[in-house]
Amino acid sequence: MQFAVDNKNTRLCKDIFGNIYDVYHIPEGTIFQNLDLSGMDFAELPASLATCAVLGKFNCSYCVNLTSLKNLPQGFKVLDCSNCWSLTSLRGIPESVSM
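Read on for a plain summary of the structure. This is a predicted model, so every value here is computed, not measured. (Residues numbered from 1 in each chain as written. Predicted model: local features only at pLDDT ≥ 70, side-chain atom pairs only at ≥ 80, totals over all residues. Heavy atoms only, no water.)

Our next topic: the sheet that holds strand β7 (residues 57-59). Overall, parallel pairing links the three strands, which are arranged β5-β7-β8 in an open sheet. Strand pairing shows two members of the sheet lacking a second neighbour, β5 (35-36) and β8 (78-80), which therefore form its edges. Sheet analysis places β5 next to β7, joined by two bridges and oriented parallel. Within β7, the position partnered with Asp-36 by the bridge is Asn-59. (Pairing = 2+ DSSP bridges. Helix = DSSP H or I, 4+ residues; strand = E, 2+ residues; numbered from the N terminus.)

Ranked by size, the top nonpolar core spans 26 residues in total, and within it Phe-58, Leu-69 and Leu-79 carry the most contacts. Setting aside residues up to four positions removed in sequence, Phe-58 forms contacts with Leu-35, Leu-37, Leu-45, Leu-49, Leu-72, Pro-73, Phe-76, Val-78, Leu-79 and Asp-80. (Core = buried A, V, L, I, M, F, W, Y, C linked by side-chain atoms within 4.5 Å. Buried < 20%, exposed > 50% of the residue type's maximum accessible area, 1.4 Å probe, protein only. Contact = heavy atoms within 4.5 Å.)

We now examine the side chain of Asp-15. Structurally, Asp-15 is set in the loop between β2 (11-14) and β3 (20-22). Here Asp-15 is buried and forms no salt bridge, its nearest opposite-charge partner Lys-14 lying at an N-O distance of 8.4 Å. For Asp-15, the side chain forms a polar contact with the main-chain nitrogen of Gly-18, separated by 3.0 Å. Among all residues touching Asp-15, those that are not within four sequence positions of it are Tyr-21, Thr-30, Ile-31 and Phe-32. (Lys, Arg positive; Asp, Glu negative; His and termini not counted. Salt bridge = Lys/Arg side-chain N within 4 Å of Asp/Glu carboxyl O. Polar contact = N/O pair within 3.5 Å; in protein donor to acceptor, adjacent residues only side chain to side chain.)

Below, the discussion takes up the environment of Ile-26. Examined against the element boundaries, Ile-26 turns out to sit in the loop between β3 and β4 (31-32). Owing to a relative accessible area of 6%, Ile-26 belongs among the buried residues under this scheme. Each C-alpha atom, one on Ile-26 and one on Ser-48, is 5.5 Å from the other, the two residues being 22 residues apart in sequence. When sequence neighbours within four positions are dropped, the list of residues in contact with Ile-26 reads Cys-13, Tyr-21, Phe-32, Ser-48, Leu-49 and Cys-52.

Turning our eyes to something else, we now look at a nonpolar patch on the surface. Together, Ile-16, Phe-17 and Leu-55 give the surface a local cluster of nonpolar side chains, amounting to about 310 Å² of exposed area. Here Leu-55 lies in the loop between β6 (53-54) and β7. (Patch = residues over 30% accessible without salt bridge, like charges linked within 9 Å, V, L, I, M, F, W, Y side chains within 5 Å. Areas by Shrake-Rupley, 256 points an atom, 1.4 Å probe, with all protein chains shown as cover.)

As a further point, take the side chain of Ser-61. Topologically, Ser-61 is positioned in the loop between β7 and β8. Sequence-distant contacts of Ser-61, that is, excluding residues within four places in its chain, are made with Ser-38, Gly-39, Asp-80, Cys-81, Ser-82 and Cys-84.

So, in structure tokens, the structure goes:
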């Protein structure tokens, strides 16, 4: 589960245990069932994601300023980066991931 608040630069997300975090301040090792960051206004993924795990779908669609997939979380099975117009490379995505 995940949800957004009014400011498009602030995204709160809920881990598999029900703990709520700001996407920029996620503790190392946090696990999400699915993570939806669609529509966020950032050029690269927050560094806090690099030490997290997503068990299902990672959605960063409509992040129109996203230029890099650096700091991807680990373990996701499905990636949605559709309509990320500034994204120039999909390098680093495991072959096992569905898009």
